[in-house]
Amino acid sequence: MHKVWVFQRYSSLKIPCVLYSRGDYTRGFTAYIYIIGIYKCTTNTDLSVSEITEEILKKCGGYSLFQKILTIYVVIFVTCHSQAILTMVFIRESVPFACYPSNFNESLIPPNITLDEFLNKAAVEEEKCSVYNLDTKEGFYILPTSNSTKEPCNNGRKFYSDHLSSIVSEFDLVCEREWLKNIAVSAMFAGFLVGNILFGTLSDAFGRYKIFCVADLLNIFCRFVKIYSPNYTVFCIIYIIEGFGIAGTYIVLFTILQECVAQNYRMRLNYLMHGTFGFGAMILAGVAYVFPKWQHLLYASVIPPALVVIVALKFLPESPRWLLNKGKFTEAEKSFEKIAKTNRKNAAIAVKLIQKLQTERKSKLQAEIDENMKLGSKKIHKTYTAIDLLKKPRRAMISVNIWFNWLINSMIYYGVTLNSVDMSGNRYVNFLVMSAVEIPANILGCISFKWFGHRKPLCFFMVFGGINCIVSNFVPKGNFWFPLILAVLGKLGATASFDGVYLTTAEIFPTSVRNGGMGTASSFARFGGLISAPMLGLSVYGSWIPLSIFGVFGIVAGLLVLLLPETKDACLLQTLEDMDNL
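Here the structure is a predicted model, which means the values were calculated and not measured. (Residues numbered from 1 in each chain as written. Predicted model: local features only at pLDDT ≥ 70, side-chain atom pairs only at ≥ 80, totals over all residues. Heavy atoms only, no water.)

Draft legend 1. A look at the state of the cysteines. Tallied over the full model, the rule gives two disulfides. Disulfide pairing places Cys-99 opposite Cys-153 at an S-S distance of 2.1 Å. Its torsion about the S-S bond being -110 degrees, the disulfide of Cys-99 and Cys-153 is classed as left-handed. Of this pair, Cys-99 sits in strand β1 (residues 97-99) while Cys-153 sits in the loop between β5 (150-152) and β6 (157-159), and the two are 54 residues apart along the sequence. The buried category is assigned to Cys-153, whose relative accessible area is 1%. Here Cys-129 connects covalently by a disulfide to Cys-175, the sulfurs 2.0 Å from one another. (Disulfide = S-S within 2.5 Å. Helix = DSSP H or I, 4+ residues; strand = E, 2+ residues; numbered from the N terminus. Buried < 20%, exposed > 50% of the residue type's maximum accessible area, 1.4 Å probe, protein only.)

If you want it as structure tokens, here you go:
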């Protein structure tokens, strides 16, 4: 009788009352527990904003048809996105060339030898950027000997680009200009660096969807224009702008996906998205083999993304979490109702929870107004930026630690990837192996995150990758596969940790400044990528130097991860106060 009295106490509990009256006690008690749980979610003021927002998303179908369609779109986009970015590995390939001697005249070549054979004879074998001086006899050049005088390769060059071309052959980036070929890579990362800060802040202020579309359209436009660059300076400038646009796509789309799914799906989707990046890179190895000329490769990598962005303009949703955080409750209700409708769920409970948030926000806003009036100030702080992540000591230490880890992860990831095509063996096979390792890296990362939390796996993978980078320098050079395997294991560790730090960052930074914080983190990552290419140039002073530097910094950054708070199974944070309470 006592249980029946409890049911009758609440008019909303008619279903369990009826079941009890019919003697169906098991189903009645189950319905009681379920409805009391819902009632608690809608009335309990002890629930945080983050927990209420998570509950809203679950009631709309935490990961159902709507989220699955969004995941498919993300997978297609990232597959195309990775190919567009990593073409930089192949478009900077070295192309065979020959130097012209001073005052060269093709008509003076002896009749029994071709132009290519003659230029090969005129080249100094041990010095690719030197050529022998030529003497003539009886109206023809005399083939030089090792005793002939030498001169630098300053009189023009012939590139053998019939079957392979790159920006090296297009813009004459050899000999005294060879150092310039890495400037294009650094230019793209420089655009990343600035763009991530700007687009991250803009997407927190104006919405994820709008900024993503603007950035992606800018990105695709630059990729087309870049193919027709009249000189290397223009090429690098366009590459900077392209990197600027790329910065507003991947991170923003990652944030949209994480903010549209329930908590228990975030980790798997994080690793699925990053694993797809590796899958796209594997496809690029085949595409680069089929299109060895750099212009053709760029065309092949830009046309699919141009088609994908059309889908985004029509389908891609605005983040409902962002709408709630910005107080756009009407738009948030419509967004959640659309999600619930697609998932065939009832959005009534979600709407009640949204109304609860709206009431709490109004109360908080009024309290802020009253407080500011007491202090004689009319300004109410509403908009947050990445600067707010540094305004409290603990918050600042966490943020700087995360940003440093992004920098080191990116430096190792892109450094090892760029180095793969310069290793001995087939460049396409090397790149394919380096890309393929990202699939098991993401699987291992996902499993370890599920079993061991987030901090320990991140620490392990970074230290593991760093050690393998160092050890790979000190194996016998006669064996091709052993150094490659160690480099691949270094890439595995860097990939698993890099992809893991994405998720950890999204979980630690709150919605109010998530994209700003992640944008800043990604800018640090792009700085790491920017310095990775010039750092490979240190190999002229010692082949062991670049990978050893990568390894040492990887170990240091991995140990610093242990100072971060554990975020496994935590709700996505909504406010900076939530972050302070970690």
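Draft legend 2. Region of interest: the nonpolar core. Counting 128 residues, the largest nonpolar core has Leu-86, Met-88, Phe-212, Tyr-232, Phe-235 and Trp-406 as its most contacted members. Those residues in contact with Trp-406, other than ones at most four positions away along the chain, are Ile-251, Phe-498, Val-501, Tyr-502, Thr-505, Met-518, Ala-521, Ser-522 and Ala-525. Core analysis: the next-biggest nonpolar cluster, separate from the first, contains 15 residues, Cys-60, Ile-339, Ala-340 and Ile-354 among them. (Core = buried A, V, L, I, M, F, W, Y, C linked by side-chain atoms within 4.5 Å. Contact = heavy atoms within 4.5 Å.)

Draft legend 3. Structural detail: the pattern of salt bridges. Tallied over the full model, the rule gives 14 salt bridges. The salt bridge partner of Glu-242 is Arg-223, with a shortest N-O separation of 3.5 Å. Here Glu-242, found in helix α10 (residues 232-246), pairs with Arg-223, found in helix α9 (residues 208-226); they are 19 residues apart in sequence, far enough to count as distant. Close ionic contact of Lys-226 with Glu-242 constitutes a salt bridge, the shortest N to O distance being 2.8 Å. You can see Lys-226 sitting in helix α9 and its partner Glu-242 sitting in helix α10, a full 16 residues away along the chain. With relative accessibility at 1%, the residue Lys-226 sits in the buried group. Glu-242 sits in the buried class, given a relative accessible area of 0%. (Salt bridge = Lys/Arg side-chain N within 4 Å of Asp/Glu carboxyl O.)

Draft legend 4. Up close: the packing of helix α20 (residues 455-471) against helix α23 (residues 545-560). Across the interface, α20 lies against α23 with an axial gap of 7 Å and an inter-helix angle of 160 degrees. Relative to α23, the element α20 lies roughly antiparallel. As for the relative orientation of α20 and α23, their crossing is left-handed in sense. Note on element contacts: α23 touches α20 through Leu-547, Ser-548, Gly-551, Val-552, Gly-554, Ile-555, Ala-557, Gly-558 and Leu-559, opposite Cys-459, Met-462, Val-463, Gly-466, Ile-467, Cys-469 and Ile-470. (Axes fitted to C-alpha atoms, helices over the stretch in contact; angles between N-to-C directions. Parallel < 35°, antiparallel > 145°, perpendicular 65-115°, else oblique. Left-handed = near helix turned anticlockwise from the far one by under 90°.)

Draft legend 5. Highlighting the side chain of Asp-216. If you trace the backbone, Asp-216 turns up in helix α9. Buried charge Asp-216 goes without a salt bridge, the closest partner of opposite sign being Arg-223 at 5.4 Å. Filtering out sequence-adjacent residues up to four positions away, Asp-216 remains in contact with Phe-77, Thr-249 and Val-309. (Lys, Arg positive; Asp, Glu negative; His and termini not counted.)

Draft legend 6. Examining the packing of aromatic side chains more closely. Applying the stated criterion across every chain, the model contains 35 aromatic pairs. Ring centres 5.6 Å apart and planes at 15 degrees place the aromatic pair Phe-90 and Tyr-428 in the stacked group. Within this pair, whereas Phe-90 is found in helix α5 (residues 65-91), its partner Tyr-428 is found in helix α18 (residues 427-436), the two being separated by 338 residues in sequence. Across the pair, exposure class does not vary: Phe-90 and Tyr-428 are buried alike. Measuring from ring centre to ring centre gives 6.0 Å for Phe-104 and Tyr-141, while their planes differ by 10 degrees; the resulting arrangement is stacked. Of the two residues, Phe-104 sits in the loop between β1 and α6 (115-122) while Tyr-141 sits in strand β4 (residues 140-141), which places them 37 residues apart along the sequence. Take Phe-104: its relative accessible area is 22%, and that puts it in the partly exposed class. (Phe/Tyr/Trp six-rings, centres within 6.5 Å; stacked < 30°, edge-to-face > 60°.)

Draft legend 7. Representation of the confidence of the model for the protein chain within the structure. Of all residues in the protein chain, 83% have pLDDT values of 70 or greater, and the mean over the chain is 78. Overall, residues 1-46 carries pLDDT values under 50, and its contacts beyond four positions in sequence, including any with other chains, amount to 41 contacts. Contacts from residues 377-381, a stretch scored under 50 in pLDDT, to residues over four places away or in other chains number seven contacts. (pLDDT = per-residue confidence, 0-100.)

Draft legend 8. Layout of the side chain of Asp-204. Looking at the secondary structure, you find Asp-204 in helix α8 (residues 183-206). Side chain to side chain, Asp-204 and Arg-208 meet in a polar contact 2.5 Å long. Once residues within four sequence positions are removed from consideration, Asp-204 is found in contact with Trp-322, Lys-326, Thr-511, Ser-512, Val-513, Arg-514, Asn-515 and Gly-516. (Polar contact = N/O pair within 3.5 Å; in protein donor to acceptor, adjacent residues only side chain to side chain.)

Draft legend 9. The arrangement of the environment of Asn-133 in detail. Among the structural elements, Asn-133 can be located in the loop between β2 (130-132) and β3 (136-137). Between the C-alpha atoms of Asn-133 and Lys-150, which are 17 residues apart in sequence, the distance is 5.7 Å. If we ignore the near neighbours within four places in the chain, the residues touching Asn-133 are Ser-102, Pro-144, Ser-148, Thr-149, Lys-150 and Glu-151. At 2.7 Å, the side chain of Asn-133 and the side chain of Thr-149 are in polar contact.

Draft legend 10. Spotlight on unusual backbone geometry. Even without a glycine there, the phi angle at Asp-172 is positive, about 55 degrees. With respect to the secondary-structure elements, Asp-172 resides in the loop between α7 (167-170) and α8. Despite not being glycine, Cys-175 has its phi angle at roughly 55 degrees, a positive value. The topology assignment puts Cys-175 in the loop between α7 and α8. Note on Cys-175: relative accessible area 16%, which makes it buried.

Draft legend 11. View of a nonpolar patch on the surface. On the surface, a cluster of nonpolar side chains totalling about 570 Å² of accessible area is made up of Phe-221, Phe-224, Val-225, Ile-303, Leu-307 and Ile-310. Where the nonpolar patch is concerned, the elements lending two or more residues are α9 and α13 (294-315). Relative to the elements of secondary structure, Val-225 occurs in helix α9. (Patch = residues over 30% accessible without salt bridge, like charges linked within 9 Å, V, L, I, M, F, W, Y side chains within 5 Å. Areas by Shrake-Rupley, 256 points an atom, 1.4 Å probe, with all protein chains shown as cover.)

Draft legend 12. Spatial organisation of the environment of Gly-195. Position of Gly-195 among the secondary structure elements: in helix α8. Linking Gly-195 and Gly-248, residues 53 residues apart in sequence, is a C-alpha distance of 6.6 Å.

Draft legend 13. View of α5. With 27 residues, α5 ought to run about 39 Å at 1.5 Å a step, and its terminal C-alpha atoms sit 40 Å apart, in line with that. A bend of about 35 degrees at Ile-85 is the largest found in α5. (Expected span 1.5 Å × (residues − 1). Bend = angle between axes of the 7 residues up to and from the residue.)

Draft legend 14. Seen up close, the packing of α5 against helix α11 (residues 250-259). Running from amino to carboxyl end, α5 crosses α11 at an angle of 160 degrees, the nearest separation of the two axes being 11 Å. On the basis of their axis angle, the class for α5 and α11 is roughly antiparallel. In the packing of α5 onto α11, the handedness of the crossing is left-handed. Listed contacts from α11 to Leu-70, Thr-71, Tyr-73, Val-74, Phe-77, Val-78 and His-81 of α5 are Tyr-250, Leu-253, Ile-256 and Leu-257. Of the residues belonging to the contact of α5 with α11, the class tally is nine nonpolar, two polar and no charged. (Nonpolar A, V, L, I, M, F, W, Y, C, P; charged D, E, K, R; others polar.)

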